[in-house]
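Understanding the architecture of this molecule
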Amino acid sequence: MTTEERRHSHVPPADRRTPVTTYRLQLSPDFDFADVERIVPYLSALGVTDVYFSPILQAAPGSNHGYDVVDHEKISADLGGIEGFRKVSRAIHDAGMYLIVDIVPNHMAVPTPLFHNRALWSVLRDGEESPYFNWFDIELSDAGDGLLMPVLGRRIGQEITDGTITIDDMRVPGFEDDGETKVVRYYDHVFPVRRGTENLPLPELLDAQYYRLAHWRVANEELNYRRFFDVDTLAAIRVEDPDVFRESHALLLQLQEEGYIDAFRIDHPDGLADPREYFRNLSDATGGAWTVAEKILEGDEQLPSDWPCAGTTGYDTLMRVQGLFTDPSGLPVLTQIYGELSGSVHSVGSVEVSAKRQIIDTSLYAEVDRLANILAKICHADVRLRDHTFRAIVEVVVELVVHMDRYRAYVVPGERPNPTDERVLRDAAERAARKLDEDRQDTLNTVVELLLGYEIGSAGRTHESARNEAIIRFQQVCGAVMAKGVEDTTFYRYTVLTSANEVGGGPHYFTTTPDDFHDFQNLLSLTWPTTMTCLSTHDTKRCEDVRARIAPIAQYADDWQEMLAKARDIVADERPADLDGQIENLLWQTLLGTWSEAGPIPAERLNEYLYKASREQKSWTTWTEQNEQAEQALLDYAQAILNSPAADLLADFHKRTSAAARAQILAQKAIQMTAVGVPDIYNGEEVTQTSLVDPDNRRPVDYEALSELLAKLDRDGLPSSPDLDTEKLWVTSRIARLRRSLPRISSAECGYEPLPVSTGRALAFARVLDDEPVVVTAAMRHLPESPGDYTIVLPDGSWRNVLTGSEISGGTQPLSDVLGRFPAAVLERVDD
């Protein structure tokens, strides 16, 4: 395969690995390379073929996730360093498995102390003389204020007066050869001193630096570097620069060349200036290694076909699988409950737009203001566009951003936009136009033409650097506003059925019909056959099992309404008078979703989740303006529920819906693991979990217990009355082992074929190799209806159920005979 052919292919070349079944491990100082090495035999026994690591480069001090990289030249010492990595990689490969690593190309940490990021320290000390000067998405000059460092607890004048900012001498780690040098200290923060300014009085010295110390509240209004969303401690890097790409990827590419890494997952490519060019560069550098993009697709949005990668990390599949198990008949009742509790009559669309406006007015104001300034300067520099005022441009940009229906378009400066991207932006403009006064319409049209790269104003200016920058920054801002306004705000406000409020999905997309699912699978089979699929990740708002316990509410909506009325009446005296109804609705669903046979989750975990959910909602408390009294009242109310007879009602409802929850937990796993693509198992999800949003979903996994349980199953078989953990481990391991015996199931050669079932409450399909069905999956979507009344048409031949061991012939068969004891069946062909 030539380089050009590879750039247009979504399938790795023959000399590169295509994973079969992956297992995502969340590495941390508490679960390092040595710990992974100890569980390699378990992962192999489970049936895993490819182990999938979270980021392995050196992260900021105290990091428990690895996405805050500080040094691209080092493997994390906290995880075991380069030797520890090579050792665990050899163990994985010796066991017949392969290794996928997560790359973070978009940003680096702004750590405390700053010297842990040697590149950023060098830039802030030496400016243009730093070898890393072009690394960061910032502009430094003697005439400017310098890079904003919003770390002060009060305004800088007060801190100087009180002597909390000092000048010290120290030997800076990573720069020991320089000997003792002057540094600026502010409590735990340490900053470099620009050469030649060491002897200035403190105020003048601070004013002469390549950075500006500032009160933390200044960040949202004046920040002058591109961040990861609104996280001040993650600064974007210019990976579009060939030197930055080469140097920031050198170590990982070297380890791939040496055979220690086989494939890659790419974090947040939407934050990059040109995702397509990034994937082209990576494909060229890796020889077309299997690579997937953490890309959130909205609705029917498709991954850009000109990205040379294998597909997404699987949120598009997750949304559709989740929708299969949501009963549409209960949604009107659940919407009524939500309206009564919240007092809201707003549609999800209006809630989303309102949330985006709030984000632009607060945490992402600086990014939008920066974009508007670029556009205003473009207009002011062109006599034909000069009458478009800054205020008009700001209003237009805000409306365009809030009315984008997806994370971003992919307009490349210097290229004519493809029709899809142009339509996305023009549709957003049509929606924006309805919100703008008549005298702003011309400014709107001008901005849209500029953002599409078309010639407007004076001729011959389409390729000016400022216009190119505006095109790129608009798309980056759209993604940040979408993420913070939808995932991290709307999902905590519009709480009709929270199982739908998931990354890559949301309350626009509650349900999926079998026909919709089949259409999606056929499309994937033709376009992205080796994409990844998932049900849980480190970024999901709720793990797959929590969603599976919440989704049956839609099937039992009337019962839920009745139960909720009784339970709320029991704790009416404990309910805070000003309790937000949206968060209360989320609370009740969360209690049910995290209820297991052992009862509710520990109070500490529930409280931490409620803190985060409330602050993400941003209605009555936020991360920066915390209403501690109201937050505590919510926590007290939650405990009052659990300490009252209302808890008995929740337990009864959990028991009543347990069959439906079990059906979804097991059936969705069977569907995900046999559908088109490469299925990922997340960090302990081979048994049931009660995990909520991070950091809750990064809790330690007891792999010793899992290994013992799997060994017992392999030795003794499935017991007659297993618990759900045992059943899920059985289903996961049997399907993973089947996949390992049929590695072509994850290849482009494996087709997809819907199978007839006599009820819409079930789903069935076959995976096809060499024009012959080789694996069949059948699953119930909704219980408690008995599958005995329905039939399925199996392909000709003899079939063995890998979950039960029973054999059955092709043709029309009772669905109950095919399923047996499980709500899903996975059949392998056993013809001689």
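Computed from a predicted model, the values in this text were never measured in an experiment.

Our focus in this paragraph is the domain arrangement of the chain. When the domains of the chain are assigned, the result is domain 1 (22–106 + 239–313), domain 2 (114–230) and domain 3 (352–487). A separation of 31 Å is found between the C-alpha centroids of domain 1 and domain 2. Each side of the interface is counted separately: domain 1 has twelve residues, and domain 2 has nine residues. Surface buried jointly by domain 1 and domain 2 totals about 970 Å² across both partners, of which 51% is contributed by carbon and sulfur atoms. Three residues stand out in domain 1 for area buried against domain 2, namely Val70, Val244 and His268, and they jointly supply 37% of the buried area on that side. The tally of links from domain 1 across to domain 2 stands at one residue pair in polar contact (both at pLDDT 80 or more). Mapped by element, the contributors of at least two residues to the side of domain 1 that touches domain 2 are strand 4 (69–75) and helix 8 (242–257). Here the element with the most residues in the side of domain 1 that touches domain 2 is strand 4; it accounts for four residues.

Turning our eyes to something else, we now look at the pattern of salt bridges. All told, the structure shown has 65 salt bridges when counted by the stated rule. Between Arg24 and Asp102 there is a salt bridge; the shortest N-O distance is 3.1 Å. Here the residue Arg24 occupies a position in strand 1 (residues 22–25), and Asp102 occupies one in strand 5 (residues 98–103), the gap between them amounting to 78 residues. Take Asp102: its relative accessible area is 2%, and that puts it in the buried class. Arg737 is the partner of Asp714 in a salt bridge, and the nearest nitrogen-oxygen pair spans 2.8 Å.

One open sheet accounts for three strands, arranged 8-9-10; its pairing is antiparallel. Of all strands in the sheet, those with a lone pairing partner are strand 8 (165–171) and strand 10 (189–192), marking the two edges. For this sheet the average axis-to-axis angle between neighbouring strands, irrespective of direction, equals 40°. Relative to strand 10, strand 9 (residues 180–186) runs antiparallel, the two being bridged by four bridges. Across the sheet, Val184 pairs through a bridge with Phe191, a residue of strand 10.

For the rest of this paragraph, the subject is the nonpolar core. Counting 93 residues, the largest nonpolar core has Leu25, Phe53 and Phe85 as the members making the most contacts within it. Considering every element that reaches this core, the biggest residue donor is helix 2 (residues 33–46), with seven residues. What Leu25 contacts, discounting residues up to four positions off in sequence, is Phe31, Val36, Ile39, Leu43, Val51, Tyr52, Phe53, Ser54, Asn683 and Tyr703.

An ideal rise of 1.5 Å per residue puts 16 Å on twelve residues; helix 9 (residues 275–286) measures up with 16 Å between its terminal C-alpha atoms. Taken together, the buried positions of helix 9 are Pro275, Arg276, Tyr278, Phe279, Arg280, Leu282, Ser283 and Thr286. With its phi angle positive at about 70°, Gly287 sits one or two positions after the end of helix 9.

This brings us to the environment of His72. Topologically, His72 is positioned in strand 4. Put simply, His72 and Ala647 are 575 residues apart on the chain and 50 Å apart in space, counted from C-alpha to C-alpha. Excluding residues that lie within four positions of it along the chain, His72 makes contacts with Leu57, Val104, Met108, Trp135, Ile237, Glu247, Ser248 and Leu251.

Reading guide: rules and limits
Residues numbered from 1 in each chain as written. Predicted model: local features only at pLDDT ≥ 70, side-chain atom pairs only at ≥ 80, totals over all residues. Heavy atoms only, no water. Domains from an automatic or database assignment. Contact = heavy atoms within 4.5 Å. Buried area = accessible area lost by both parts, 1.4 Å probe. Polar contact = N/O pair within 3.5 Å; in protein donor to acceptor, adjacent residues only side chain to side chain. Helix = DSSP H or I, 4+ residues; strand = E, 2+ residues; numbered from the N terminus. Salt bridge = Lys/Arg side-chain N within 4 Å of Asp/Glu carboxyl O. Buried < 20%, exposed > 50% of the residue type's maximum accessible area, 1.4 Å probe, protein only. Pairing = 2+ DSSP bridges. Axes fitted to C-alpha atoms, helices over the stretch in contact; angles between N-to-C directions. Core = buried A, V, L, I, M, F, W, Y, C linked by side-chain atoms within 4.5 Å. Expected span 1.5 Å × (residues − 1).

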